[in-house]
Amino acid sequence: MKIRPIVFIAAVFGLLNVASAEPQVAPPVEAKTKFTRMVKLDSGDAMLETAEVMYRNADGVTVTLIGAVHIADRGYFAGLDASFDQYDALLYEMVKPKTEDGESLRTARRSGSIAWIGTFQRFLKDNLDLEFQLEAIDYDNRPNFVHADLDSESFLRMQDERNEGFFRIFLRALAAEGKRQRRGERTATAEITPFHILAALKAPDRPRQLKLLFARQLQEMESHLEALEGPNGSVILGERNKVAMNILREQIAAGRKNIGVFYGAGHLPGMEKILTEELGFEKVGHTWRTAWDMSDTVAPSTQPATP
């Protein structure tokens, strides 16, 4: 069994059987909600898509979990940006300083846990011919936008308290990938070699070939991020979800009836669990939006795809 760390970094970014004297008919198992998928076409082209999943409670409040890929096609972000005005409140993620003075911003950017993410995202933007979310989405003068994330000071303090730096998270992710491979699961990490990446880098359509490789890993992102949580949860995923869901509770209490939650797709399985198990919401709709169009002739979609 071999784990290829360089490929794995690209992505990162229980049943109980009780014996019975009589045969029991197992209840139907609801399919796990997918928030990212890679769609392969007969032509050999492909698309990476993110989900927009709607939930409703008994009081008629609707919450839509809007999956995000932070580096994506320009048309993807244009379609998202245009859709946000429909919500009474649009909760968004962004680990940013409490006060955005120059020193606070420099400190946040220097931190290892935040800086490496930005470095990797810039690499993807430059090499995959994609746009960066923070540059493509208009966050200014949007009255319905509600910040729903940790501030960078709290984020860094909580990571220090848990000794949860990038290296520790990376080792945890590698250990989880090793377990998956030992169980015989086929994963993109195991199947994509450095030679595949070198071939893509030398290809005449380099951005498209690299996207085809990385998309295979991004569709497994939810499994990777679940492994990062560990037994006590993580700051980068679990604690930020708690903050977002607490702010969602505040918005519901304030009378908001149509709420969007715009967050990285890897966060959404955990949010869905809180919505359905703690807040009494039921899933009522599921659509898809094309984030990466990897066809030879690209015409980016700005409308959600059908399920």
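All of these numbers come straight from a predicted model, not from anything done at the bench.

Conventions we followed
- Residues numbered from 1 in each chain as written.
- Predicted model: local features only at pLDDT ≥ 70, side-chain atom pairs only at ≥ 80, totals over all residues.
- Heavy atoms only, no water.
- Helix = DSSP H or I, 4+ residues; strand = E, 2+ residues; numbered from the N terminus.
- Buried < 20%, exposed > 50% of the residue type's maximum accessible area, 1.4 Å probe, protein only.
- Core = buried A, V, L, I, M, F, W, Y, C linked by side-chain atoms within 4.5 Å.
- Salt bridge = Lys/Arg side-chain N within 4 Å of Asp/Glu carboxyl O.
- Expected span 1.5 Å × (residues − 1).
- Polar contact = N/O pair within 3.5 Å; in protein donor to acceptor, adjacent residues only side chain to side chain.
- Contact = heavy atoms within 4.5 Å.
- Pairing = 2+ DSSP bridges.

## Focus on the overall build of the protein chain
If you tally the helices and strands in the protein chain, you get 13 helices and 9 strands. Within the protein chain, buried positions represent 49% of all 307 residues.

## What about the nonpolar core?
Nonpolar side chains in soluble globular proteins tend to be buried together. Counting 32 residues, the largest nonpolar core has Leu80, Phe84, Leu90, Phe262, Trp292 and Met294 as the members making the most contacts within it. Secondary-structure elements contributing two or more residues to this core are β2 (46-56), β3 (62-68), β4 (71-72), α2 (74-83), β5 (89-92), α10 (206-218) and β9 (282-293). In terms of residue count, α10 provides more of this core than any other element does, 5 residues in total. Judged by nonpolar contacts, the second largest core, of 25 residues, contains Leu248, Val261, Tyr263 and Leu268.

## Focus: the pattern of salt bridges
Within the structure shown, the criterion is met by 10 salt bridges. Linking glutamate 52 and arginine 289 is a salt bridge whose minimum nitrogen-to-oxygen distance equals 2.6 Å. Of this pair, glutamate 52 sits in strand β2 while arginine 289 sits in strand β9; the two residues are 237 residues apart in sequence, bridging distant segments of the chain. Glutamate 161 is the salt-bridge partner of arginine 157, the closest N and O atoms lying 3.3 Å from each other. Separated by 4 residues within a single helix, arginine 157 and glutamate 161 lie in helix α6 (residues 152-162), roughly one turn from each other. With a relative accessible area of 43%, arginine 157 lands in the partly exposed category. One salt-bridge network, in which partners are shared between bridges, spans Asp81, Asp85 and Arg142.

## Re helix α12 (residues 235-253)
Because an α-helix completes one turn every 3.6 residues, residues spaced three or four positions apart along the sequence face the same direction. In this model, α12 (19 residues) spans 26 Å end to end at C-alpha, consistent with the 27 Å of a helix rising 1.5 Å per residue. Considered for burial, the residues of α12 that qualify are Val235, Ile236, Leu237, Gly238, Glu239, Arg240, Asn241, Ala244, Met245, Ile247, Leu248 and Gln251. Between the side-chain oxygen at the start of α12 and the backbone nitrogen of leucine 237 there is a gap of 3.2 Å, and the oxygen is on serine 234. A positive phi of about 100° marks glycine 255, the residue just after α12.

## What to know about the environment of glutamate 164
Checked against the element boundaries, glutamate 164 lands in the loop between α6 and α7 (166-182). Sequence separation between glutamate 164 and isoleucine 236 is 72 residues, and the spatial gap between their C-alpha atoms is 8.9 Å.

## As for the side chain of arginine 142
Inspection of the secondary structure assignment puts arginine 142 in the loop between α5 (133-136) and β7 (145-147). Here the side chain of arginine 142 touches aspartate 85 through a polar contact of 3.3 Å, side chain to side chain. At a separation of 2.8 Å, a polar atom in the side chain of arginine 142 contacts the main-chain carbonyl oxygen of aspartate 138. Other than its neighbours up to four places away in sequence, arginine 142 contacts Asp81, Phe84 and Asp85.

## Some remarks on the environment of glutamate 93
Relative to the helices and strands, glutamate 93 is located in the loop between β5 and α3 (102-110). Residues glutamate 93 and histidine 147 lie 54 residues apart in sequence; the distance between their C-alpha atoms is 6.5 Å. When near neighbours in sequence (up to four residues on either side) are disregarded, glutamate 93 contacts His70, Asp149, Arg240, Phe262, Tyr263, Gly264 and His267. At a separation of 2.8 Å, a polar atom in the side chain of glutamate 93 contacts the side chain of arginine 240.

## Quick word on the pairing of β5
It is a general feature of regular strands that their side chains alternate between the two faces of the sheet. Burial along β5 is two-sided: the face carrying Ala89 and Leu91 and the face carrying Leu90 and Tyr92 are both buried. Where β5 and strand β8 (residues 258-264) come together, 4 bridges link them in parallel fashion. Note that in β8 the partner of leucine 90 across the bridge is glycine 260.

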